[in-house]
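Next come the chains, spelled out residue by residue.
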Amino acid sequence: QVQLVESGGGLVQAGGSLRLSCAASGRTFRNYVMGWFRQAPGKDREFVARITWSGDYTYYTDSVKGRFTISRDNAKNTVYLQMNSLKPEDTAVYYCAAGSVGTTLSQYYYYWGQGTQVTVSS
């Protein structure tokens, strides 16, 4: 089992920044691909970004490229999502997830956090 706890969400004005953190405990964190997903009200959960276990490869959905950065610190068992130039359409609950396959598909991630709310005002 891996337990994931997100933090860092909040209310921010458009153009602002937030950094989300996801702290992991349990089984060896460094073995897992880590991803961030988000779900806006009335919409399906969507992929945002992912990072390999070593941190040497990252992948983003097109709508956040150039604005969001995913990173991880395996010594701290933590993955981050730095979000800059935030837009109202980024408003959602953000979830971190751990899996063994590098993919954008949520069904391949085994462990999920409880989510953290990000609200971007216009």
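Parameters at a glance
- Residues numbered from 1 in each chain as written.
- Predicted model: local features only at pLDDT ≥ 70, side-chain atom pairs only at ≥ 80, totals over all residues.
- Heavy atoms only, no water.
- Helix = DSSP H or I, 4+ residues; strand = E, 2+ residues; numbered from the N terminus.
- Rg over C-alpha atoms; globule rule 2.2 N^0.38 Å.
- Contact = heavy atoms within 4.5 Å.
- Areas by Shrake-Rupley, 256 points an atom, 1.4 Å probe, with all protein chains shown as cover.
- Lys, Arg positive; Asp, Glu negative; His and termini not counted.
- Charge placed at Lys NZ, Arg CZ, Asp CG, Glu CD.
- Buried < 20%, exposed > 50% of the residue type's maximum accessible area, 1.4 Å probe, protein only.
- Polar contact = N/O pair within 3.5 Å; in protein donor to acceptor, adjacent residues only side chain to side chain.
- Salt bridge = Lys/Arg side-chain N within 4 Å of Asp/Glu carboxyl O.
- Disulfide = S-S within 2.5 Å.

Participant: Explain the overall build of the protein to me, using residue names and the numbers behind them.
Facilitator: The secondary structure content of the protein amounts to zero helices and eleven strands. Taken from the N to the C terminus, the helices and strands of the protein come in the order β-β-β-β-β-β-β-β-β-β-β. Taken over the C-alpha trace, the protein has a radius of gyration of 13 Å; the compact-globule value for 122 residues is 14 Å, and the two agree within 12%. In terms of overall dimensions, the protein has C-alpha extents of about 40 × 25 × 25 Å along its principal axes. Sequence separation of 24 or more characterises 57% of the internal contacts of the protein that already satisfy a separation of 6 or more. For the protein, the exposed area adds up to about 6,200 Å²; of that, 46% sits on carbon and sulfur atoms. Mean positive and mean negative side-chain charge positions of the protein (12 and 8 charges, respectively) differ by 5 Å.

Participant: Now, about the side chain of Asp90: what can you tell me, with residues and values included?
Facilitator: Following the sequence through the fold, Asp90 ends up in the loop between β8 (78-83) and β9 (92-99). The class for Asp90 is buried, based on a relative accessible area of 1%. At 2.9 Å, the side chain of Asp90 and the side chain of Arg38 are in polar contact. Apart from the residues lying within four places of it in its own chain, the contact partners of Asp90 are Arg38, Arg67, Phe68, Ser85, Val118 and Val120.

Participant: Outline the pattern of salt bridges, supporting the account with residue identities and numerical values.
Facilitator: Per the counting criterion, the structure on display carries four salt bridges. Asp90 is the partner of Arg38 in a salt bridge, and the nearest nitrogen-oxygen pair spans 2.9 Å. With Arg38 in strand β4 (residues 33-39) and Asp90 in the loop between β8 and β9, this residue pair connects regions lying 52 residues apart in the sequence. You'll find Arg38 and Asp90 in the same group, each marked buried. Among the ionic pairs, Arg67 bridges to Asp90, the shortest N-O distance being 2.8 Å. Of the two residues, Arg67 is situated in the loop between β6 (58-60) and β7 (68-73) and Asp90 in the loop between β8 and β9; the sequence distance between them amounts to 23 residues.

Participant: Account for the state of the cysteines, with residues named and values stated.
Facilitator: A complete count under the given rule lists one disulfide for this structure. With a sulfur-sulfur separation of 1.9 Å, Cys22 is cross-linked through a disulfide to Cys96. Around the S-S axis, the bridge from Cys22 to Cys96 shows a dihedral of about 50° and counts as right-handed. Here the residue Cys22 occupies a position in strand β3 (residues 18-26), and Cys96 occupies one in strand β9, the gap between them amounting to 74 residues. Each member of the pair, Cys22 together with Cys96, is buried.

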